[in-house]
Amino acid sequence: QVQLVESGGGLVQAGGSLRLSCVASGSIFTINRMGWYRQAPGKQRELVAQITSDGSTNYADSVKGRFTISRDNAANTVALQMNSLKTEDTAVYYCKIGGAVTGPFGGSDYWGQGTQVTVSS
């Protein structure tokens, strides 16, 4: 019954900014990792950024210094602030939670449906 809903995708010019949000709903006790992945046509899906329950973050080298990930544990939300966007950032962005505990059988991973981000020149 876990569901991830993403929002904030759209069209933006190169050099602009965009903020993505993801809300996880359902009977979730804890979430270890929350993050964002992206996939461009003909390319592999790649990790963009993730944040753990203790606040530790990591980013893909291509977005370091431009993107910032944050989470609100009480609301089960994760956000990605994207600045100085480049055309190379164009992709479908997917929210993912990892190690989500919903019962007595350990943690599980869940994916959102994805949201399109298009950066124009």
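Preceding this paragraph is the structure being described.
Residues numbered from 1 in each chain as written. Predicted model: local features only at pLDDT ≥ 70, side-chain atom pairs only at ≥ 80, totals over all residues. Heavy atoms only, no water.

### Quick look at the sheet that holds strand β3 (residues 18-25)
Okay, step 1: Strand order in the open sheet formed by 4 strands is β1-β3-β8-β7, and the pairing between neighbours is antiparallel. Looking along the sheet, the strands with just one partner apiece sit at the ends: β1 (3-7) and β7 (67-72). Direction aside, the axes of adjacent strands within the sheet are offset by 15° on average.
Okay, step 2: As judged from the 6 bridges shared by β7 and strand β8 (residues 77-82), these two strands associate in the antiparallel manner. Looking at the pairing, I69 lines up with L80 of β8. (Pairing = 2+ DSSP bridges. Helix = DSSP H or I, 4+ residues; strand = E, 2+ residues; numbered from the N terminus. Axes fitted to C-alpha atoms, helices over the stretch in contact; angles between N-to-C directions.)

### Considering the nonpolar core
Okay, step 1: W36, L80, M82, Y93 and I97 are the most contacted members of the largest nonpolar core, which totals 29 residues.
Okay, step 2: Where this core is concerned, the elements lending two or more residues are β3, β4 (30-39), β5 (46-52), β7, β8, β9 (91-101) and β11 (115-120).
Okay, step 3: In terms of residues, this core owes the most to one element, β9, which gives 5 residues.
Okay, step 4: Residues contacting I97, with those up to four places away along its chain left out, are V2, L4, A24, I28, I31, R33, M34, S108, D109 and Y110. (Core = buried A, V, L, I, M, F, W, Y, C linked by side-chain atoms within 4.5 Å. Buried < 20%, exposed > 50% of the residue type's maximum accessible area, 1.4 Å probe, protein only. Contact = heavy atoms within 4.5 Å.)

### Focus: the environment of Q50
Okay, step 1: Locating Q50 in the fold gives a position in strand β5.
Okay, step 2: A relative accessible area of 17% places Q50 in the buried class.
Okay, step 3: Put simply, Q50 and A24 are 26 residues apart on the chain and 15 Å apart in space, counted from C-alpha to C-alpha.
Okay, step 4: Residues in contact with Q50, not counting those within four places in the same chain, are R33, M34, G35, S56, T57, N58 and I69.

### Observations regarding the packing of aromatic side chains
Okay, step 1: According to the stated counting rule, one finds 2 aromatic pairs in the structure shown.
Okay, step 2: With 6.4 Å between their ring centres and 80° between their planes, Y94 and W111 make a pair best called edge-to-face. Placement of Y94 in strand β9 and of W111 in strand β10 (residues 107-111) is noted, with a sequence separation of 17 residues between them.
Okay, step 3: The exposure class assigned to Y94 is buried, which follows from its relative accessible area of 14%. (Phe/Tyr/Trp six-rings, centres within 6.5 Å; stacked < 30°, edge-to-face > 60°.)

### Points about the pattern of salt bridges
Pairs can form between side chains of opposite charge once their charged atoms are near each other.
Okay, step 1: Overall, the coordinates contain 6 salt bridges when judged by the stated rule.
Okay, step 2: Note that D89 is salt-bridged to R66, the shortest N-O span being 2.8 Å. Placement of D89 in the loop between β8 and β9 and of R66 in the loop between β6 (57-59) and β7 is noted, with a sequence separation of 23 residues between them. The pair D89 / R66 is uniform in exposure class, with both members buried.
Okay, step 3: The shortest N-O distance in the salt bridge between K96 and D109 comes to 3.9 Å. (Salt bridge = Lys/Arg side-chain N within 4 Å of Asp/Glu carboxyl O.)

### Description of the state of the cysteines
Okay, step 1: The tally for this structure, following the rule as stated, stands at 1 disulfide.
Okay, step 2: In this model C22 forms its disulfide with C95; the gap between the sulfur atoms is 2.2 Å. Handedness of the C22-C95 disulfide follows from its S-S torsion of about -85°: it is left-handed. Pair noted here: C22 is in strand β3 and C95 is in strand β9, with a separation of 73 residues, a long-range link.
Okay, step 3: Given a relative accessible area of 1%, C22 falls into the buried group. (Disulfide = S-S within 2.5 Å.)

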